[in-house]
Amino acid sequence: MQPLSDKKRRWYFYIFLILFVVLLPIVVLYVQGYRLSKDFKIVRVGGMYIGGVDSEAKVFFDDVLQTDVKKIKRGFFIENLYPAKYLVTIKQEGF
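For clarity, every value in this text was computed on a predicted model and none was experimentally measured. (Residues numbered from 1 in each chain as written. Predicted model: local features only at pLDDT ≥ 70, side-chain atom pairs only at ≥ 80, totals over all residues. Heavy atoms only, no water.)

**Considering the confidence of the model for the chain**
- Across the chain, the average pLDDT comes to 87, with 99% of residues at or above 70.
- The secondary-structure element of the chain with the lowest mean pLDDT is strand S6 (residues 70-71), recorded at 72, while helix H1 (residues 6-31) shows the highest, at 96. (pLDDT = per-residue confidence, 0-100. Helix = DSSP H or I, 4+ residues; strand = E, 2+ residues; numbered from the N terminus.)

Printed below as a string of structure tokens:
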């Protein structure tokens, strides 16, 4: 197998350099909590932790059952919430 020529090496270097420069800001913004909204604007999202709740409880946001919540030590964590007002309801059998 022959090694790559200098010309091909330069092409690969410049292609990957351009990819790095283009993708780096996107990755940094994503890690810091910025997402692209439905109307193609960049917005910062957050999360909500609800503590002191049994793991059998059901969490509703705006009367929609949240199934993708992460259970953390008698609480719930819901992530990727866009800026808005939410009606949070917690229901459990017997309460």
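**Quick look at the sheet that holds strand S4 (residues 58-61)**
- The strand order S5-S4-S8 describes an open sheet built from three strands, whose pairing is antiparallel. Two strands close off the open sheet at either side, each with one partner strand: strand S5 (64-65) and strand S8 (88-91).
- Pairing of S4 with S5 involves two bridges; the strand directions are antiparallel. Pairing of Phe60 across the sheet is with Leu65, part of S5. (Pairing = 2+ DSSP bridges.)

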